[in-house]
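# Geometric and topological summary
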Amino acid sequence: MKQIIINKLANLDRRWVFLSMLLAVAIPILLGLEFPETPTQQAINVFDEVERLKEGDRVLLALDYDPSSEGELSPMATSFVLHCAKKKVKMYFLTLYPGGPPMIQQAIQRVILTDFPNLVYGEDYVDLGYKPGYEGVVKVIITNLRELYTTDARGTNIDQIPMCQGVESIQDMDLLIAVSAGYPGCKEWVQYAKTPFPDKINLVAGVTGVQAPYLYPYVPKQLIGLLGAIKGAAEYETLVVGKYIEGEPKAVYQEGRRRMGPQLVAHLLMVFLIIAGNTLYFLQSSHKKS
Amino acid sequence: MTERTVWTILILAMIAMAFSRTMFDPSQSAGREYVKQVDGEWVKADLIDRNAGIAEVSYDRTAGLWIAAVFTLCIFSFMYRDNPFYKVAESTVVGVSAAYYMVVGFWSTLVPNLFAKLMPGVIQQWAMPGLSPEIEPTGIYYIVPLILGIMLLMRLVPSMSWISLWPLAFIIGTTAGLRMIAYLEADFLSQIENSFVPLIVFTETGIDYWQSFQNTFMIVSILSCLVYFFFSIEHKGAVAGVSKFGIWILMMTFGAMFGMTVMGRIALLAIRLEFLFREWMNIRPY
């Protein structure tokens with residue numbers, strides 16, 4: 001009897017695992033499960049670095065991701081834009097991803113156009129759009145912005161944009177924020193911007209879970225702070241919303257924390273499946289020996 | 001009843017559910033997209049805007065919502081097995097992506113980086129009104145990338161495909177040179193520098209034991225991992241012990257990477273389900 005159960009479980013159709021994972025993610029979403037987030041030092045470092053900025057400072061927001069990683073990174077981008085808008089800094093958006101321009105427009109629309117209609121395009125924020133060339137773009141604009149950016153994403157001459165006057169290169173920025181999904185992204189900003197100019201560039205980043213382990217070695221000397229995956233997004237979101245939004249925040253400012261509910265249940269299921277799989281393996285081995 | 005029939009019924013049932021939500025949702029939000037005008041731009045409207053009477057249904061965005069939802073279901077159907085719905089969605093993604101990247105490539109690479117340099121006056125009138133019509137002193141040099149680009153296209157002619165090797169060699173050479181310097185600076189030298197940390201950290205009040213442990217553990221881990229990859233001597237005795245510790249550290253690193261990857265993948269699933277429940281069917285528990 002025991003052997004029959006073991007064999008049945010060992011040959012369980014993988015689709016049952018898929019179904020259980022689907023339910024583990026879907027049910028917390030439907031129930032609206034949310035858990036409190038305690039920010040870790042990495043999120044605090046990122047928050048403090050943005051908090052350090054003064055009104056009118058320049059911030060470059062490199063949104064190097066496309067729809068395939070939007071689930072993880074758009075909560076970070078939203079929180080960064082909200083934080084920058086609250087700090088009244090000048091925001092320069094650009095992307096190294098061909099699929100990035102809609103992500104920039106989405107971040108602008110979700111935060112600036114909706115909640116900060118008083119911010120003026122060209123004076124408070126500008127969309128420099130996408131430039132091809134991967135790390136080559138970073139390598140060039142770190143010394144000469146106009147070499148590649150003669151116009152913004154709307155085709156306006158960069159010299160006619162008030163907030164671009166006086167910006168010779170990326171070194172004129174007070175902070176670089178890289179929200180990145182892979183190549184080209186945060187690693188390239190570290191390699192071609194921060195490392196050659198360690199005293200002039202301040203860099204913080206928010207990255208996908210897949211990328212994060214490769215970037216932790218850069219913290220803290222080459223990267224001041226790093227938000228890893230949706231967990232990092234939720235922590236940073238908690239800090240920003242906690243300080244700047246009174247009362248119940250809008251759904252768009254709770255995306256990170258909202259997605260941690262399904263994370264917890266799905267991770268518990270993963271842990272159970274790993275333990276169950278190993279137990280089953282040992283039971284099968286011991287039964288064969290006996 | 002075949003599996004295909006079962007699967008077809010499941011998908012149709014899901015769509016029927018969305019239709020019924022669209023028809024009978026009391027707030028008239030399910031299956032519809034509302035927009036409002038802000039500074040001449042159409043942006044997504046919420047319930048407050050609708051109650052204020054400044055929002056209206058956007059038919060093209062509503063169509064987009066339904067297409068996105070149906071394609072999401074088609075992709076999910078692969079979890080059961082490969083099927084025609086999945087194939088249609090997959091082919092559409094490939095086709096749309098290829099077209100998108102071609103258009104982006106033309107408008108963001110060829111037009112501003114090549115044509116605008118060679119003939120700025122024409123490009124200013126045609127596509128980039130913000131561009132200065134005067135040719136830059138270095139503009140003529142852009143003939144070289146134009147020729148290299150044409151040589152690269154020779155790949156499409158089998159008898160002359162060898163010509164494409166020359167620009168390819170140029171691309172590989174410059175990229176390798178560019179990256180070598182960056183890796184040496186940012187990863188090799190800087191990482192060595194970052195590893196120079198005090199094993200015992202002193203503070204004003206005494207020794208910071210936790211930071212000292214962290215630093216010591218990091219140095220021991222780095223050294224043991226390096227010993228594991230040191231194949232010039234046989235891994236016996238003390239070397240074998242250190243090497244084994246190195247393997248343990250590597251395994252823990254791979255475990256952490258796996259955990260982070262799982263977190264990322266679950267977030268991707270969560271956003272699609274959120275989209276189906278919240279945006280499409282307007283099931284919002286919060």
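Residues numbered from 1 in each chain as written. Chains lettered and ligands numbered in written order. Predicted model: local features only at pLDDT ≥ 70, side-chain atom pairs only at ≥ 80, totals over all residues.

## Some remarks on the overall build of chain A
Per the secondary structure count, chain A includes 11 helices and six strands. With respect to the principal axes defined by its C-alpha atoms, chain A has extents near 80 × 40 × 35 Å. When burial is assessed residue by residue, chain A has 48% of its 290 residues classed as buried. Sequence separation of at least 24 residues holds for 76% of the intrachain contacts in chain A that already meet a minimum separation of 6. (Helix = DSSP H or I, 4+ residues; strand = E, 2+ residues; numbered from the N terminus. Buried ≥ 20, exposed ≤ 12 C-beta atoms within 10 Å, placed from the backbone. Contact = placed C-beta atoms within 7 Å.)

## A look at the overall build of chain B
Along its length, chain B carries nine helices and five strands. Starting at the N terminus, the α and β elements of chain B follow one another as α-β-β-α-β-α-α-α-α-α-β-β-α-α. For 286 residues, the compact-globule formula gives about 19 Å, and the C-alpha radius of gyration of chain B, at 30 Å, lies well above that figure. Taking the principal axes of the C-alpha coordinates as reference, chain B spans close to 75 × 60 × 55 Å. Buried residues in chain B amount to 12% of all 286 residues. Excluding contacts between residues fewer than 6 apart, the proportion of contacts in chain B whose partners are at least 24 apart in sequence is 33%. (Rg over C-alpha atoms; globule rule 2.2 N^0.38 Å.)

## Examining unusual backbone geometry
Residues and elements named next belong to chain A. Backbone torsion omega between Tyr183 and Pro184 reads -10°, so that peptide bond is classified as cis. Inspection of the secondary structure assignment puts Pro184 in the loop between β4 (175-180) and α7 (186-194). Residue Pro220 is bonded to the preceding Val219 through a cis peptide linkage, with omega at 5°. With respect to the secondary-structure elements, Pro220 resides in the loop between α8 (212-215) and β6 (225-228).

## Some points on the interface of chain B and chain A
In this assembly, 42 residues from chain B lie in contact with 49 residues from chain A. Class assignment of the residues belonging to the side of chain B that touches chain A gives a composition of 28 nonpolar, 10 polar and four charged. (Nonpolar A, V, L, I, M, F, W, Y, C, P; charged D, E, K, R; others polar.)

## Some thoughts on the pairing of strand β1 (residues 34-38) of chain B
Residues and elements named next belong to chain B. Both β1 and strand β3 (residues 56-57) contribute to a ladder of two bridges, which runs antiparallel. If you follow Val35 over to β3, its bridge partner there is Glu56. The sheet contact formed by β1 and strand β2 (residues 41-44) spans four bridges and is antiparallel. Among the inter-strand pairings, Gln37 is bridged to a residue of β2, identified as Trp42. (Pairing = 2+ DSSP bridges.)

## Focus on the nonpolar core
Of all hydrophobic cores here, the largest spans 102 residues; its most connected members are Ala62(A), Leu176(A), Ile177(A) and Leu203(A). A per-element tally of this core places helix α9 (residues 238-280) of chain B first, with 10 residues. Setting aside chain neighbours within four positions, we find Ala62(A) in contact with Leu94(A), Thr95(A), Leu96(A), Leu176(A), Ile177(A), Ala178(A), Val179(A) and Trp189(A). (Core = buried A, V, L, I, M, F, W, Y, C linked by C-beta atoms within 7 Å.)

## Describing the domain arrangement of chain B
It is common to give the size of an interface as the accessible area lost on bringing the parts into contact. Structurally, chain B comprises domain 1 (3-81), domain 2 (139-194) and domain 3 (198-270). For domain 1 of chain B and domain 2 of chain B, the distance between their C-alpha centres works out to 46 Å. (Domains from an automatic or database assignment.)

## What about the sheet that holds β1(B)?
Judged by pairing direction, the sheet is antiparallel, and its three strands sit side by side in the order β2-β1-β3 (chain B) without closing on themselves. Each edge of the sheet is formed by a strand with only one pairing partner; in this case those strands are β2 and β3 of chain B.

## Here's the deal with the sheet that holds β6(A)
Residue and element names in this part refer to chain A. Ordered by their spatial adjacency, six strands build an open sheet running β3-β2-β1-β4-β5-β6, and the pairing between neighbours is parallel. With one partner strand each, in any of the chains shown, β3 (125-130) and β6 form the two edges of the open sheet. Ignoring strand direction, the axes of neighbouring strands in this sheet form an average angle of 15°. Summarising the sheet, strand β1 (residues 58-64) and strand β2 (residues 90-95) pair through five bridges and their orientation is parallel. (Axes fitted to C-alpha atoms, helices over the stretch in contact; angles between N-to-C directions.)

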